[in-house]
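Each chain, letter by letter, is given below.
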Amino acid sequence: GHSPVGGGRLGGVKRARTAGLIAGLAIAALLTLVRWLDPQPLQEARAASLDLYQQFHPRPRAEAPVAVVAIDEAALRAMGQWPWPRLRMAELTSRLFDLGAAAVAFDVLFSEADRLSPARLAEDAGVTDPGLLAALPDGDAAFAAAMAGKPVALAFAAVPGGTAKPEVKAGFAVAGEDIAGNLERFSSAAVPVPRLAAVAAGVGHISLSRDQVGGRVREVPLLMTDGTALYPSLLIEALRLALAASTYVVKSDPAQPGASQAIRIGDLGIPVNERAEFPFPAAPDQPSDLIPVMSLLSPEGPSAAEAARIAGAIVLVGVTATGLHDIRATPLGEAVPGVAIQAQILTQILNGQFLYRPAWLDGVEVLAVAVLSVLLVLVSCYAAPA
């Protein structure tokens, strides 16, 4: 028989092994719970690691018929502070279409009447002669005339405390279950003035971020909702106009009720996450790619190279001057104008460069943490020599 000493040793080993097993399973359960709850520090660590991967291997630059017209510091010095008179925006619009732009999107807000319109300035100066006032040009009327019948998209921005809602210019067809419950929601917006909104072929939102960890733009919502209607982003409105499409087809995820999976515009499919956000792997910023707005507004006009980049392209007009507060951080750690990020995303879409993370992957990760943790505990407890 076994000696009492040997039996005691074996009993001690069993007790230690059982205690180790219980402690290990408790740690495995804790790790699984942490991944399932996904607290902010874990999200930040995951975002930082993804940023690091991108910095080691940024998305390669690609060519696409997309151009950015930049309202930069030089333009503000030459033309005065922003906002500019709408007569100038009318002139810019006409020049872009004269150069053969496929579509034009203004990544700026026109939510108030033109205070620099000659007729308005004369009125403010005390001119009451109706004949004289009628003879002076009206900036909003001139801008509306330049846009009329052209593929132009204007921007709106979600703002709290109001009641205004933008007009939806496109049709929506949802294949599968309703997705509005998962989308970023807004209650009111700064919308284009009625005279401009009436003639714009498209209207889209300019939200670039939603709860972005560390303030860096990693996903861009392509759709928003007010709880009932769907609203597209400005960049996909520009794409829709360039493709001469009238409707967005939104596909929901059959594996996760109410989650978005893809948006189709004409023959072009765009995979999105469950919140209809487009993951944004950044390419290095190239400020030299921007076309200064003064090249278009100066009497001599753009260079041959600039004109060639506008012909047949989706043209985004936006502010890049630092003082106008539309500078965003990318995963590469660069400070980039918002309009340049929109152009990068359009380039990705047109080149089929998609990052797709299925909605069910979070559940798989939680399960993987649970299974691997338990396996590690069992191996540690029972594969070790007694």
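Criteria and thresholds
Here the residue index of a chain counts from 1 through its sequence in written order. Where totals are concerned, whole chains, interfaces and linings use all residues; where local detail is concerned, this predicted model gives features only for residues with pLDDT of at least 70, and gives and counts side-chain atom pairs only at 80 or more. Side-chain figures throughout are based on the complete set of non-hydrogen atoms in the structure, without hydrogens or water. Lines are fitted to the C-alpha atoms to define the axes, a helix being fitted only along its stretch in contact, and any angle between axes, read from their N-to-C directions, falls within 0 to 180 degrees. Secondary structure counts use DSSP, requiring at least four H or I residues in a row for a helix and at least two E residues in a row for a strand, with both numbered from the N terminus. Should an angle lie under 35 degrees it is considered roughly parallel, over 145 roughly antiparallel, and from 65 to 115 roughly perpendicular; all remaining angles are considered oblique. Helix crossings fall into two classes, left-handed where the near helix is turned counterclockwise from the far one by less than a right angle and right-handed where it is turned clockwise. Contacts are residue-level and defined by heavy atoms, with any inter-residue pair within 4.5 Å sufficient. Three classes are used, and their members are as follows: Ala, Val, Leu, Ile, Met, Phe, Trp, Tyr, Cys and Pro are nonpolar, Asp, Glu, Lys and Arg are charged, and the others, Gly among them, are polar. Two aromatic rings from Phe, Tyr or Trp, using only the six-membered ring of Trp, form a pair when their centres are within 6.5 Å; if the ring planes differ by under 30 degrees the pair is stacked, by over 60 it is edge-to-face, and anything between is tilted. Should the NZ of a Lys or the CZ of an Arg lie within 6 Å of a ring centre and within 35 degrees of the ring normal, that charge is described as sitting over the ring. By the convention used here, strands pair only if DSSP detects at least 2 bridges between them.

(A) Quick look at the packing of helix α4 (residues 86–98) against helix α7 (residues 139–147). Relative orientation of the contacting elements α4 and α7 amounts to 15°, with a least axis distance of 7 Å. By the angle between their directions, the pair α4 and α7 is classed as roughly parallel. Pair α4 / α7 crosses with left-handed handedness. When α4 is examined against α7, the residues R86, L87, M89, A90, T93 and S94 are found in contact with a partner set consisting of G139, D140, A142, F143, A146 and M147. For the contact of α4 with α7, the per-class residue count stands at seven nonpolar, three polar and two charged.

(B) The packing of aromatic side chains, seen in detail. Using the criterion set out here, one finds eight aromatic pairs in the structure. Between F172 and Y248 the ring centres are 5.1 Å apart and the planes differ by 25°, which places this aromatic pair in the stacked class. Remark: Y248 occurs in strand β11 (residues 247–252) and F172 occurs in strand β4 (residues 171–175); sequence separation between them is 76 residues. An aromatic cluster is built from F106, F110 and F143, whose rings are joined through pairwise contacts. Lying across the ring of W84, R88 places its NZ or CZ 5.7 Å from the centre.

(C) Highlighting the sheet that holds β4. As summarised here, the arrangement of the four strands in space is β4-β11-β12-β13, forming an open sheet in which the pairing is mixed. Looking at which strands have only one partner, the edges of the open sheet turn out to be β4 and β13 (268–271). Put simply, the sheet's adjacent strands are angled 20° from each other on average, direction ignored. Pairing geometry for β11 and strand β12 (residues 260–265), over five bridges, is antiparallel. Residue pairing in the sheet places S252 in a bridge with S260 of β12.

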